[in-house]
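Structural overview
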Amino acid sequence: MQIYRNVVIYLEQIVKSSKNTENDNIFYTVAMRGMVAFPKMVLHFDVSREKSYSAVEHAVKEGKKIFLITQHEAYVDNPKSSDLYKVGVVAEIRQVLKLPDHVMKVLVEGVYKANLVRLIDDGKTLRAEVRRTPTYSRAKYDEVEAQALVRSIRDIFEKYSSYFPKMPSELFSAVMTQDNPIKLFEAITFNCALNYRDKQTLLEESNIMNKLSVLFACLTSETEILELENLINEQTKNSIDKGQREFYLREQMRVIQEQLGEDGGDDAFDYINDIMELKIDDKSREKLLKEADKLTKLPPASQEAFVIKNYLDTILDLPWGVYSKSKLSLEKAEAVLEKEHYGLKKVKERILEFLAVYMLNPGIKGQIICLSGPPGIGKTSIAQSVAKAMGRKYARVSLGGVRDEADIRGHRKTYVGAMPGRIITAISQAGTADPLILFDEIDKLCSDIKGDPSSAMLEVLDREQNSSFRDHFIEVPFDLSKAVFLTTANDVSNIPAPLLDRMEIIELPSYTAEEKFHITKDHLIPKQLKEHGLKASQMKITDDAINDIIQYYTKEAGVRNLERKIASICRKSAKKIASGEVKRISVKPKDLRDMLGIRKYTADLHLKEDKTGIVNGLAWTSVGGVIMPLEVLILKGTGKVEITGSLGDVMKESARIAVSYVRSIAEKYGINPDFYKENDIHIHAPEGAVPKDGPSAGVTMTTALVSALSGMKVRADIAMTGEITLHGRVLPIGGLREKTMAAYKAGIGTVIVPEANRADLDEVDDAVKEHLNFVFADNLEDVLGTALIRQQGGRSEA
């Protein structure tokens, strides 16, 4: 019985001993992120995860050690057994410091290495069952090989340390003087920032030779990476451009000047900041920074400082890289042109073609249009309409009377009162780098000893050159290639050939009487009523009065004087209404004498009845077409030909051709063959004070000569135009639209024009074509057969 009790007591002791052993191998566990602990190593770390926080608290409370094991991936917040390495370190907690926000600083010292057997997770804390394992194996190693490894590691460590200037000298000395492999391994591993995966490999390895080999490989790899990083840093440092370095230095200078109480550099640093923000090339920025740098060395009140500030202000005011954002619409463009301009169908069509090309290819080069025509027909207003249709800013540069190249390119900034040229000024006023710029009156450019401004315009209007236009004042290139250029001229013959070659000419014809009527009624009268504070119900101008104003009070290609006459009528009407004399006014033809005075112009002179030696000619003038009757008188004499009426050389030559041709057909029309010997011939074009020239009066002179010499009368209801040759051919003429409008206004029924001008009939107004009978003549026989009345009676057939 006693033996049985002893056996039971023995068994109970064994079970109790096994339970204590089991409890000794289970520790509260902290999963480490990016850190590896080693035996004998003192390590501090922060704990914030709930399970790790709880594990440290329990270990401290129970006075037990803690198991530190590293996670495979640092981003895992709730690690499981598969997320942990299998080897860790059991450590003693030396110190714990609780911080706000549920953070704990822990200082530990590694005791021994242990393998993870089982991970226990109760949801609140982690515990681990571990099995102790030796840190270093007792396997023997070759002393010579070990020393070779030690020396190699010391050499690579020395190179590794060169990339850490702040490495403690005590550590460096300890490593470089250490011959013991284990102590060398621990000195380097405990203190160097190696990758945590490499450190884990070093922890798991037990053989000291293998540990040293892995450590050597790790140090070599880290040294190579550090060497490459250092090279990259040097290259990056060298790649910082000079402008940035200067900027940093200037900032330091500004702070120093502020500390010294000096104010002179404030403006310079403001300029430097603004220059750094400009969208310009590096060379231009460098030049501007040099100018701004000069300000830091000059007294603020000096003349040179004023010049530099004015220069930089001008540069900074320019719209560098600022462009319009609106989209081009052909429908909108057409609506704008139709609303603001009456007639001019061909001009509008060409403008819309111009805009269509811009819409499809905004980067197109070489499209520079010159609007050519007499004054007052709306060239400038068309340019404004184009700018509105394109959604571009509008800038106008008047070139009339400009005779100095500096007006275009600017003056050097060193001159007193220097300023940029008109181009850069227009860009600055527009506020964008792609405005529509109108060069008004480009045919009025002058040249003298100061230079030729038309030559300066060559660069501006050349798309291949103006992308880097240099104004003498700003001295840095400015891109004009995105701007749209339009020009206007009254007479393109005054434009130098190289400049004219860069432009496409669009001819704007003078307005006909009918167009002036519609412009007056639809545009001028509403505009003047608004400007004079009148309502349409208070004042009205009848259609007959408008026609009389056009015919008897104005004589121009455009409508400027016509608008002045309408304004004069509005002023007089406003006075009567304001004084209470009347409440509303209707202006009729009979009222025009009181409001505008006597008639300034009379109707065109023309043949009212069939006569001999007088023919209705048609002429073109800058203010439109006119009837020009031409008279021939035959006198007894010696064959002299007298030509009067301020005729030019071309018309005088036409007269001589006409005389020669009549001599060749004298017998056919019953003319004395010796008329050129026995008679004097006097040819006259009325209104002698008005200069006249051109070849188109040839048929008129010939018809008048034949009529005067043969005694045949000329039909009064016919007008004619055309150039002639010695053999009687009729050559084409220009200005058919204006000439036929003059015949229509004068009540002419038939117009004789050259056969070659038949195609130009499309340009003639529909109202004119309805009321006129056109006879197309290929030779003078066609003209004479239509215009002359045979003496036997009855008019000849055409």
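The structure presented is a predicted model; accordingly, all values stated were derived computationally and were not measured.

Rules used throughout
Residues numbered from 1 in each chain as written. Predicted model: local features only at pLDDT ≥ 70, side-chain atom pairs only at ≥ 80, totals over all residues. Heavy atoms only, no water. Helix = DSSP H or I, 4+ residues; strand = E, 2+ residues; numbered from the N terminus. Rg over C-alpha atoms; globule rule 2.2 N^0.38 Å. Buried < 20%, exposed > 50% of the residue type's maximum accessible area, 1.4 Å probe, protein only. Contact = heavy atoms within 4.5 Å. Lys, Arg positive; Asp, Glu negative; His and termini not counted. Charge placed at Lys NZ, Arg CZ, Asp CG, Glu CD. Salt bridge = Lys/Arg side-chain N within 4 Å of Asp/Glu carboxyl O. Core = buried A, V, L, I, M, F, W, Y, C linked by side-chain atoms within 4.5 Å. Axes fitted to C-alpha atoms, helices over the stretch in contact; angles between N-to-C directions. Parallel < 35°, antiparallel > 145°, perpendicular 65-115°, else oblique. Left-handed = near helix turned anticlockwise from the far one by under 90°. Nonpolar A, V, L, I, M, F, W, Y, C, P; charged D, E, K, R; others polar. Patch = residues over 30% accessible without salt bridge, like charges linked within 9 Å, V, L, I, M, F, W, Y side chains within 5 Å. Areas by Shrake-Rupley, 256 points an atom, 1.4 Å probe, with all protein chains shown as cover. pLDDT = per-residue confidence, 0-100.

**As for the overall build of the chain**
- Within the chain, the regular secondary structure consists of 28 helices and 26 strands.
- Its C-alpha atoms give the chain a radius of gyration of 52 Å, clearly above 28 Å, the size a compact globule of 798 residues would have.
- Expressed along its principal axes, the backbone C-alpha trace of the chain runs to roughly 185 × 60 × 60 Å.
- Burial analysis of the chain (798 residues in total) assigns 46% to the buried set.
- Once local pairs closer than 6 in sequence are excluded, the contacts in the chain between residues at least 24 apart make up 71%.
- Looking at charge distribution, the chain has the averaged site of its 110 positive side-chain charges lying 4 Å from that of its 115 negative ones.

**A word on the pattern of salt bridges**
- For the structure on display, the rule yields 31 salt bridges.
- Here Lys290 ties to Glu286 by a salt bridge, and the two come within 4.0 Å at their closest N and O atoms. Pair noted here: Lys290 and Glu286 are both in helix H10 (residues 282-295), with a separation of 4 residues, about one helical turn.
- You can call Lys290 exposed: its relative accessible area is 53%.
- Its salt-bridge partner being Asp434, residue Arg392 comes within 4.0 Å of it at the nearest N-O pair. Here Arg392 is found in the loop between helix H14 (379-390) and strand S8 (394-398), whereas its partner Asp434 is found in the loop between helix H16 (422-430) and strand S9 (436-440), with 42 residues between them in sequence.
- Judged by its relative accessible area of 6%, Asp434 falls in the buried class.
- In this structure, a network of salt bridges that share partners links the residues Lys287, Glu291, Lys294 and Glu475.

**Here we look at the nonpolar core**
- Counting residues in hydrophobic clusters, the biggest one holds 53 residues, and the most contacted among them are Leu312, Phe439, Ile442, Met457, Leu461, Phe478 and Phe485.
- Counting residues per element, the ones that place at least two in this core are helix H9 (266-277), H10, helix H11 (303-317), S8, H16, S9, helix H17 (453-460) and strand S12 (484-489).
- Not counting the four nearest positions on each side in its chain, Leu461 is found in contact with Ile368, Phe439, Ile442, Phe485, Thr487, Leu499, Arg502 and Met503.
- Counting 52 residues, the second largest nonpolar core, distinct from the first, contains Leu438, Ile541, Ile566 and Ile577.

**Things to note about the packing of helix H19 (residues 513-531) against helix H21 (residues 560-578)**
- Orientation of H19 relative to H21, taken along the N-to-C sense of each, is 45°, at an axis distance of 10 Å. The angle between H19 and H21 places the two elements in the oblique class. Viewed along their axes, H19 and H21 form a crossing whose handedness is right-handed. Contact residues: H19 offers Lys516, Thr520, Leu524, Ile525, Lys527, Gln528 and Leu529, while H21 offers Leu562, Glu563, Ile566, Ala567 and Cys570.
- A class-by-class count of the residues in the contact of H19 with H21 yields 7 nonpolar, 2 polar and 3 charged.

**Description of a nonpolar patch on the surface**
- A surface patch of nonpolar side chains, about 270 Å² in accessible area, is lined by Leu228, Leu231 and Ile232.
- Tracing the backbone through its elements, the reader meets Leu231 in helix H7 (residues 208-239).
- Overall, Leu231 belongs to the partly exposed group, its relative accessible area being 45%.

**As for the packing of helix H20 (residues 543-553) against H21**
- At a closest axis distance of 10 Å, the pairing of H20 and H21 adopts a crossing angle of 125°. What the angle tells us is that H20 and H21 run oblique. Remark: the crossing between H20 and H21 carries right-handed chirality. Across the interface between the two elements, Ile549, Ile550 and Tyr553 from H20 touch Leu562, Lys565, Ile566 and Ile569 from H21.

**Brief notes about the confidence of the model for the chain**
- For the chain, mean pLDDT is 83; residues scoring 70 or higher make up 90% of the total.
- This stretch, residues 14-22, has a pLDDT under 50; its non-local contacts, to residues over four places away or in other chains, come to 0 contacts.

**Some details on the environment of Pro39**
- Mapped onto the elements of the fold, Pro39 is located in the loop between strand S1 (26-32) and strand S2 (42-47).
- Between the alpha carbons of Pro39 and Ala128 there is a distance of 18 Å; along the sequence they are 89 residues apart.
- With near-sequence residues (within four places) excluded, Pro39 lies in contact with Val89, Gly110, Val111, Tyr112, Lys113, Thr135, Phe190 and Leu203.

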